[in-house]
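Working through the structure, step by step
Next come the chains, spelled out residue by residue.
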Amino acid sequence: MEFKLNIEAPKSWTHVVREVPHVTADQRRRALQATHYNEFAFPAGMLYIDCLSDSGTTSMTDTQWAAMFLADESYGRNKGYYVLLDAFRDLWERGDDQVRLINYMKEGVDRDDVEKMMNDVYLKDYEGGFINGGQFQLSRPNTFIVPQGRCAETLLFDVLKPLFARRWPGKVFTIPSNAHFDTTEGNIKQMGNVPRNLFHKEILFEVPESGHYDVNPFKGNMDIDKLNQLLDAVGVENVPLIYTTVTNNSVCGQAVSMQNMREVSAIAHKHGIPYVMDGARWAENCYFIKMNEPGYADKSIAEIAKEMFSLFDVVSASLKKNGHANMGGLLAFRDKGLFWQKFSEFNEDGSVKTDIGHLLKVRQISAYGNDSYGGMSGHDIMALCQGLYEEARFDYQDERVKQCQYLADGLTRNGVPIVQPAGGHGIYVDVDRFFDYKRNHESFAGQALSLEMVHRYGIRCSELGDFSMEYDLKTPEQQKEVCNVVRLAINRSQFSKQHMDYIIAALTQLYKDRDTIPNLKITFGHNLPMRHFHAWLEPYAPTEEEMADKSNYSYWKTWTPDQF
Ligand code: F0G
């Protein structure tokens, strides 16, 4: 017999504690001024809660720390390399039928049974998937370990740039997505091509009257009509890749349905265009599919992942999110698949002249290290191996996604305009609505909101709107694709309910005091690529018209930068 309460039983407890110092608002204001109001430059050691990014910020499990002791730092073929490659096969391609080679190391098989290690691990061949193994990783390399996600992007576009220039001189290509992350956009632009973000902006900011969705509406989906229109307008021959980001980080961390990926995959393949997954948050997305999409309730996260990955030709992933690790990234393409066929060069007799995998491997070795560590330490590789399995645990994902939703619901209840439902890795403030649609696109008020959270309450958020998505530098068409939001990213396995309640209280109070939030102007680095990482800002008072409630105007009349 089960004894039920209307509250869930805990799923973990704290094992190691990090104490935070007491910091005053005056001290934070001094630090903001000294760092030119650039939130990336604000010292983390002066914060109570850092919601800047969920990337690499994970508190790892005891099992991950233990796995790090099993690592070795060999320059060629450390043991973790084999185990990591097989963890990808297990979690992305084998569903419930997993091998878990990592257990060989936990159980000492690597010490006691060399013959088994040779047959099952070191010399075993794999081909046909995203992760070749044994001799095939030498003859047709298709898996590239890198330190983080943007390295995978740079690796891909560094190799494609000269290849495109040689094959199609002078051409500008368009690369659509349900929404690119800022570094992906940056990499595409630096290659001279045009990124496009084709999500459903119309439904993104809708909130049901109850404030709550019973079933997740998959707001992260690609807008299929927009994709078809774009393909018609620019011509399929000018679209070399189509991306889907899961979950859709730039679109408020919203989930993408299997149905949507199936449709986009079919369109891409109809036109012979390789379909690329930005898989930074693959496991969270699989959880959303399980909980919300008909037909998936009884499937495990790994089974859903198997189906999801089968729709793609390329995976580009930061593993600092759904690797439950502090470091890691991967670029992989399907062995002999569409990407390989399209970008390798072949002789007339069909034999391979230049294998795109070899070009990528040369670049990987030049920039990051040889293929078996790719710029990662052996210890980080082992933490990642274990972390990938942790991410696929239902209980873990359930607790994580519900924590984000708890934060979202608390804010919605207090009237703070945020996007509902919560994303898989945080919540997003609807900046235009927060400021009653009074602040214009060049006021960068979202960034100011974010800085005021630092100043007043010691909570760092991240602006992912007009300032960092470079609204003022975009074409009118691209401007429509910017979501003016501020994100509070929730670090994995790190925060308690008290952290969530503190954030709810702080953001609610700041919303009430929104007329005391300044505007910002950029004083340095306006046109630098990815300017939010290095631009300097300066606060100034909004005009009387820009303020919803003018009762605080006297505050601004006497305002000087020192007061911020
Ligand atoms: N793609 C997505 C969807 C991302 O969210 C990120 C990083 C990257 C690529 C780049 O990966 O940081 O490992 O180089 N997102 C972090 C964030 C930084 O805060 O959302 P990276």
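Small disclaimer: the values here were computed from a predicted structure and weren't measured.

For the ligand, the set of nearby residues contains 17 residues, the closest of which are R150, D278, S318, K321 and R487. For the ligand, an oxygen atom lies 2.8 Å from a polar atom in the side chain of Q148. At 2.6 Å from a nitrogen atom of the ligand is found a side-chain nitrogen or oxygen belonging to D278. In isolation the ligand has 470 Å² of accessible area, and contact with the protein removes 95% of it. In terms of residue count, helix α8 (residues 149-167) provides more of the shell around the ligand than any other element does, 3 residues in total. Split by residue class, the shell around the ligand holds 2 nonpolar, 8 polar and 7 charged.

Spatially, β11-β14-β13 is the arrangement adopted by the 3 strands of the open sheet, whose pairing is antiparallel. Looking at the sheet topology across the chains shown, the edges are occupied by β11 (426-430) and β13 (462-463). As judged from the 5 bridges shared by β11 and strand β14 (residues 485-489), these two strands associate in the antiparallel manner. Within β14, the position partnered with V429 by the bridge is V486.

Look at the link from V246 to T247: it is a cis peptide, with omega at -25°. Tracing the chain through its elements places T247 in the loop between β5 (242-245) and α12 (258-270). Backbone torsion omega between Q420 and P421 reads -5°, so that peptide bond is classified as cis. Mapped onto the fold, P421 is located in the loop between α18 (394-413) and β11. Notably, H324 is not glycine yet its phi reads approximately 50°, a positive angle. In this fold, H324 is placed in the loop between β7 (314-318) and β8 (329-333). Positive phi is not limited to glycine here, since Y437 has a value of about 60°.

What follows deals with the nonpolar core. Membership of the largest hydrophobic core comes to 71 residues, with the highest contact counts inside it found for W92, I242, M261, W282, M308, F309 and L388. For this core, the element with the most residues is helix α3 (residues 79-93), which contributes 9 residues. If we skip the residues at most four places from it in the chain, W282 touches L91, W92, V246, A305, M308, F309, N322, L388, E391 and A392. Listed in part, the 48 residues of the second largest apolar core include A31, A408, L488 and I517.

Here we take up the UniProt feature "domain: Aromatic amino acid beta-eliminating lyase/threonine aldolase" (unreviewed entry) in the protein. As recorded in UniProt, the feature "domain: Aromatic amino acid beta-eliminating lyase/threonine aldolase" (unreviewed entry) lies at residues 50-504. With 44% helix and 11% strand, residues 50-504 has end C-alpha atoms that lie 14 Å from one another.

All right, on to the environment of K189 then. On the secondary structure map, K189 appears in helix α9 (residues 182-190). According to the relative accessible area criterion, K189 is partly exposed, its value standing at 35%. Sequence separation between K189 and A392 is 203 residues, and the spatial gap between their C-alpha atoms is 34 Å. Sequence-distant contacts of K189, that is, excluding residues within four places in its chain, are made with P195, E470 and K474.

Moving on, we get to helix α16 (residues 356-367). Along an α-helix, residues three or four positions apart point the same way, because every turn accommodates 3.6 residues. Over its 12 residues, α16 extends 17 Å from the first C-alpha to the last, a length consistent with the 16 Å expected when each residue adds 1.5 Å. For α16, the full list of buried residues reads I356, G357, L360, K361 and Q364. Viewed along the axis of α16, the buried residues span an arc of 135°, placing them on a single side of the element. Exposed and facing more than 90 degrees away from the buried side of α16 are V362 and S366. Along its buried surface, α16 packs onto α7 (135-139), β2 (143-146), α8, β8, α15 (338-343) and β10 (352-354). At the N-terminal boundary of α16, the capping side chain belongs to D355, with an oxygen 2.6 Å from the backbone nitrogen of G357. Where α16 terminates, the next one or two residues include G369, which has phi positive at roughly 130°.

Before going further, it helps to examine the side chain of E185. Mapped onto the fold, E185 is located in helix α9. Engagement of the side chain of E185 in a polar contact is seen with the side chain of K474, the distance being 3.4 Å. Excluding anything up to four places from it in sequence, E185 contacts H180, P195, N197 and K474.

Right, let's talk about the domain arrangement of the protein for a bit. Split by domain assignment, the protein resolves into domain 1 (25-50 + 402-563) and domain 2 (149-207 + 220-318). Taking only C-alpha atoms into account, the centre of domain 1 sits 28 Å from that of domain 2. On the side of domain 2, 27 residues touch domain 1, which itself brings 31 residues to the contact. On the surface where domain 1 and domain 2 come into contact, there are 5 salt bridges. A salt bridge links K474 to E185, with the shortest nitrogen-to-oxygen separation between them at 3.4 Å. Sorting the residues of the side of domain 1 that touches domain 2 by element identifies β11, α21 (476-479) and β14 as the ones contributing at least two each. Tallying contributions element by element places α21 first for the side of domain 1 that touches domain 2, with 3 residues. The residue inventory of the side of domain 1 that touches domain 2, partitioned by class, reads 13 nonpolar, 8 polar and 10 charged.

This brings us to the pairing of strand β16 (residues 536-540). Of the two faces of β16, the one holding L537 and P539 is buried and the one holding W536, E538 and Y540 is not buried anywhere. Of the pairings in the sheet, the one linking strand β15 (residues 519-524) to β16 comprises 5 bridges and is antiparallel in character. Across the sheet, F524 pairs through a bridge with W536, a residue of β16.

The rules behind these values
- Residues numbered from 1 in each chain as written.
- Predicted model: local features only at pLDDT ≥ 70, side-chain atom pairs only at ≥ 80, totals over all residues.
- Heavy atoms only, no water.
- Near = heavy atom within 4 Å.
- Polar contact = N/O pair within 3.5 Å; in protein donor to acceptor, adjacent residues only side chain to side chain.
- Areas by Shrake-Rupley, 256 points an atom, 1.4 Å probe, with all protein chains shown as cover.
- Helix = DSSP H or I, 4+ residues; strand = E, 2+ residues; numbered from the N terminus.
- Nonpolar A, V, L, I, M, F, W, Y, C, P; charged D, E, K, R; others polar.
- Pairing = 2+ DSSP bridges.
- Core = buried A, V, L, I, M, F, W, Y, C linked by side-chain atoms within 4.5 Å.
- Buried < 20%, exposed > 50% of the residue type's maximum accessible area, 1.4 Å probe, protein only.
- Contact = heavy atoms within 4.5 Å.
- UniProt positions renumbered as here; feature names shortened; annotations may be inferred.
- Expected span 1.5 Å × (residues − 1).
- Arc of directions from axis to C-beta.
- Domains from an automatic or database assignment.
- Salt bridge = Lys/Arg side-chain N within 4 Å of Asp/Glu carboxyl O.

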